[in-house]
Amino acid sequence: MKSGQLSVSSKRNMELIDITDDIKSLLTPAAVGTGLIHLYNPHTTAGLTINEGADPAVREDIIAGLSAFIPLHLPFKHAEGNSPAHLMASLIGSSLTLLVEDDRLVLGQWQRVFFCEFDGPRNRHILWRLATTL
Amino acid sequence: MKSGQLSVSSKRNMELIDITDDIKSLLTPAAVGTGLIHLYNPHTTAGLTINEGADPAVREDIIAGLSAFIPLHLPFKHAEGNSPAHLMASLIGSSLTLLVEDDRLVLGQWQRVFFCEFDGPRNRHILWRLATTL
Amino acid sequence: MKSGQLSVSSKRNMELIDITDDIKSLLTPAAVGTGLIHLYNPHTTAGLTINEGADPAVREDIIAGLSAFIPLHLPFKHAEGNSPAHLMASLIGSSLTLLVEDDRLVLGQWQRVFFCEFDGPRNRHILWRLATTL
């Protein structure tokens, strides 16, 4: 399989969910060798980011920081009431391109890959695809 | 054609312009089949993002939200007076990589692709290029 | 060489460092012709962005703007005290995909590529890899 999707279930309204092991586990059977893996989030109130995974407090602080500066109670026009989540989605971004070397994900020492839920809890999924490199 | 550019004209100082149909219309003649399309914005006071397109209020709320938290009247040093637009450009990002399957753009149910004007109105353009995948 | 790494040394706590010439200088020997170059930052308190390089004031204003809206003194849980830098890293993003044409980097007229230090001074590095296109 050179492309596919991963399921992610969020339990809270906002949370960063570590999906690094899920990505690693699809690389070995894919046997891409050296290349890139592209992750794509098809949801408009969620995102994908890379950040520190060693201390779980970092992902909580990221949520706390976003919640502190994003205006949560403007007179927004979108009737669903989740405009702040849409704004966070565009700030964090919908996709990631990661390096793969010898079937292993290349990450910095403290880096992990996170699915960012901004309007949960919900059942979500992420699309992935491998790309060749020179 | 495996690469090219799209023109976008903004009418307001800040606005999100839906360019999804423009991207879709270049995929059929390109006949990439399955791969990735990379979009690149060469302007420093604009960006590219993916968000909800069904309700036009969402894109207005994103502009309203950005305008509420980005400091608009700091004693900025850049004499052109558009430093907030430069900051928004770096927060939203200059490029997008999107999945293509059977010559069709892969987007989530509510997702559309937007050119983000932060210092308009101006005539802008976006570069695109198709990339192979495994 | 179709992949490698660049060293970057920051001198201040927060700064944008222009790495455009470093990227240009690796493209000629790589002789990729036409394709994409992917830049990856493996650090969790730094990022990569594209913005105006002609006026050095722009990069200073971006730092000033981030420092003005990012909450710097919340009761963060991460004991290292650099949670704002982690948040900035996720907002700015960890990677960039750039167009290459005839061994030259494709950038807009005013664009330059910047390494963003949010928790310096430190010795940092960036990974790069070339990718084929159609």
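What you are looking at is a predicted structure, and each value in this text was computed from that prediction instead of being measured.

J.: Is there a simple way to explain the environment of Leu6(C) in this structure?
T.: All names here are of chain C. Residue placement: Leu6 occurs in strand E1 (residues 3-9). Residue classification places Leu6 among the buried residues on the basis of a relative accessible area of 13%. Distance from Leu6 to Thr44, taken between C-alpha atoms, is 17 Å for residues 38 residues apart in sequence. If near-sequence neighbours (up to four positions away) are discounted, Leu6 is found in contact with Asp22, Ile23, Leu26, Arg124, His125, Ile126 and Trp128.

J.: Whenever I open this one, the relation of the copies chain C and chain A confuses me. Can you help?
T.: Both copies of the chain are related by one operation, a rotation about an axis with a shift along it. In the superposition of chain C on chain A (RMSD 0.0 Å, axial shift 0.0 Å), the rotation amounts to 120 degrees. Such a combination of rotation and displacement between the chain copies is what one expects of a three-fold axis. In terms of C-alpha distance to the rotation axis, chain C has Leu91(C) as its closest residue, with the C-alpha 3.4 Å off the axis. When the interface residues of chain C are mapped onto chain A, a mere 10% of them again fall at the interface, so the copies present different faces.

J.: Help me out: how do you make sense of the interface of chain B and chain A in this one?
T.: Frequently, the measure chosen for interface size is the accessible area removed from exposure when the parts meet. Counting residues at the interface gives 34 residues for chain B and 30 residues for chain A. Counting across the interface, chain B meets chain A through two salt bridges. For Lys77(A), the salt bridge identified is with Glu60(B), shortest N-O distance 2.5 Å. If you look at where chain B meets chain A, you find 15 residue pairs in polar contact (both at pLDDT 80 or more). Secondary structure elements with two or more residues in the side of chain B that touches chain A: strand E3 (35-40), strand E4 (46-52), helix H2 (56-69), helix H3 (83-92) and strand E5 (95-101) of chain B. At ten residues, the largest contribution of residues to the side of chain B that touches chain A is made by H2(B).

Rules behind the numbers
Residues numbered from 1 in each chain as written. Chains lettered and ligands numbered in written order. Predicted model: local features only at pLDDT ≥ 70, side-chain atom pairs only at ≥ 80, totals over all residues. Heavy atoms only, no water. Helix = DSSP H or I, 4+ residues; strand = E, 2+ residues; numbered from the N terminus. Buried < 20%, exposed > 50% of the residue type's maximum accessible area, 1.4 Å probe, protein only. Contact = heavy atoms within 4.5 Å. Least-squares fit on C-alpha atoms with pLDDT ≥ 70 in both. Salt bridge = Lys/Arg side-chain N within 4 Å of Asp/Glu carboxyl O. Polar contact = N/O pair within 3.5 Å; in protein donor to acceptor, adjacent residues only side chain to side chain.

Spatial relationships are all this shows, so hold off on functional conclusions.
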